[in-house]
Amino acid sequence: RIFMKRFIYFILISGLSVFLSACKKDSKPEDAFIKIYDDQNGNKHFYPLSMAASGEGYLVLSAYDGWRIHLMRIDKEGEFEWNYELPANYVNAVPNLIQRNGQNYLVCMDAVGLFTYVLKIDESNHSVTEVSSFPNILYPTYAYNSGQDIYIQNYNRTSYETGIHRLTSDLAGISQSGSVNIFTDVEERIVNHVTYDGNRIPFFISSTPEQNYIVMNGFYNYSFSLIFLNPDLSFAGVYNGAGFNGGLAAISPSGGSQFSLARFSYDNLYYNAGAALTPTTIDIAESIPAQGQSELDAKKPVLIKDVSIKGSQYKAFLSSTRSNQILLSLYSGGSLVGKKYLGKNNPYTVCDFIQTEDKGLNILIQAKIMGSFDRIALIKLSKEQVEAIVD
């Protein structure tokens, strides 16, 4: 087990200088900071995937050296507590730590059999325990908690299908499955995705607030498509991508027919924080009106989540710029109300974010240090910094 340390930097964030120091012992969780977590083995490369609040701190799920799996726990101030590298048979952790009945779980794959595991994170012993395995769910690509049910998306290499599976409440079985035909072999793309050998693919699952549709981003009908499914996981409608070179990058349902989304076309990225979509249509993704974001890197992740600021709800878009900064854009009623750039000296890639109890933001990023070392990093924006964006 490798002990994690922090690089200490003096970094400028949008004109605000903050120290990343362990010397400020009286710092509070609501204070702004940036912390970059180093590893004794400098040759390792980390790709953060997900973070989740847990007790008085946070769990961070990452990939390292390709598809190997790394867990880390930090406290509210971002201080390192422990880390755990999973055994080599567990690989390809999919985005999203899953929280269920006060416990944290992750979904991953067997290195040889390519089938899916659900593992419970044992924070007391800094380890994981196997809850279930699914021999017929090959190549898991995403996991999602709707608040009611847990879903897993996967690729079936035999039938050339994208599958979706609803788990039983104990996470030990499958209560419902559905699939859509791709009609072509995309295994090479999937392998490059899960091994981090090339561009990552923006797979996702979401659900409408009314729980009347499941929204899935995956391969379908010779393209990378936004697929709407009925509650029984049968096909409802689709916005087909432009082959494999265009489609949706992120989505956040707002209720009714309203969605906040980002879509890509080749190297271009487009935003629409108030798109009207028809779940039962058959259409193309490029028909969705959206505004071009020429400064953003379409090959890096885009995140869209709800945040609360001064009692009002906003859509927060987080993405990475072509100049290796992070851009936080806040929308209300479909209109941009403010934005903030993060980072200056080191290349940053956004990976996940959550709103903290004190109404700040914890932003999980990959930081490239000295042009070579891919590290897990955390940016904390205070409540005051977040409020200043919309003032």
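Below or above, wherever it landed, is the structure these notes cover. (Residues numbered from 1 in each chain as written. Predicted model: local features only at pLDDT ≥ 70, side-chain atom pairs only at ≥ 80, totals over all residues. Heavy atoms only, no water.)

1. What about the sheet that holds strand E8 (residues 80-85)?
The strand order across the open sheet built from four strands is E5-E6-E7-E8, with neighbouring strands paired in antiparallel fashion. Among the strands making up the open sheet, the edge pair consists of strand E5 (46-54) and E8. Taking the axes of each pair of neighbouring strands and ignoring which way they run, one obtains an average angle of 20° across the sheet. Alignment of E5 against strand E6 (residues 57-64), held across eight bridges, turns out to be antiparallel. Bridging across to E6, Ser50 finds its partner in Leu61. (Pairing = 2+ DSSP bridges. Helix = DSSP H or I, 4+ residues; strand = E, 2+ residues; numbered from the N terminus. Axes fitted to C-alpha atoms, helices over the stretch in contact; angles between N-to-C directions.)

2. Let's talk about the sheet that holds strand E30 (residues 335-342)
The four strands are arranged E27-E28-E29-E30 in an open sheet whose pairing can be described as antiparallel. Strands at the two margins of the open sheet, each flanked by one partner only, are strand E27 (303-309) and E30. Taken over all neighbouring pairs, the strand axes of this sheet differ in orientation by 25° on average, direction set aside. The sheet contact formed by strand E28 (residues 312-320) and strand E29 (residues 326-332) spans six bridges and is antiparallel.

3. Considerations on the packing of aromatic side chains
This structure, assessed with the given rule, holds 19 aromatic pairs. When the centroid spacing of 6.4 Å and the interplanar angle of 65° are considered together, the rings of Phe228 and Tyr239 count as edge-to-face. Residue Phe228 is found in strand E20 (residues 223-229), and its partner Tyr239 is found in strand E21 (residues 235-240); the two are separated by eleven residues along the sequence. With respect to burial, Phe228 and Tyr239 carry one shared label: buried. Here a set of aromatic residues connected by ring pairs shows up, and it is made of Phe203, Phe219, Phe224, Phe244 and Phe264. Above the face of the Phe33 ring, Lys35 is positioned so that its terminal group lies 4.7 Å from the ring centre. The side chain of Lys305 reaches across the aromatic face of Phe353, ending 5.2 Å from its centre. (Phe/Tyr/Trp six-rings, centres within 6.5 Å; stacked < 30°, edge-to-face > 60°. Buried < 20%, exposed > 50% of the residue type's maximum accessible area, 1.4 Å probe, protein only. Lys NZ or Arg CZ within 6 Å of the ring centre and 35° of its normal.)

4. Some points on helix H1 (residues 187-194)
All buried positions along H1 are accounted for by Glu187, Ile190, His193 and Val194. End-on view of H1: buried residues confined to an arc of 120°, all on one side of the axis. Two residues or fewer past H1, Tyr196 is found with a positive phi of approximately 65°. (Arc of directions from axis to C-beta.)

5. Topic: the nonpolar core
Counting residues in each nonpolar core, the largest one holds 56 residues, and the members touching the most others are Leu226, Phe228 and Leu277. Apart from the residues lying within four places of it in its own chain, the contact partners of Leu226 are Phe204, Val215, Met216, Asn217, Gly237, Val238, Tyr239, Leu248, Ile251 and Leu277. One finds Tyr314, Val350, Ile369 and Val390 within the second-largest nonpolar core, a separate group that totals 26 residues. (Core = buried A, V, L, I, M, F, W, Y, C linked by side-chain atoms within 4.5 Å. Contact = heavy atoms within 4.5 Å.)

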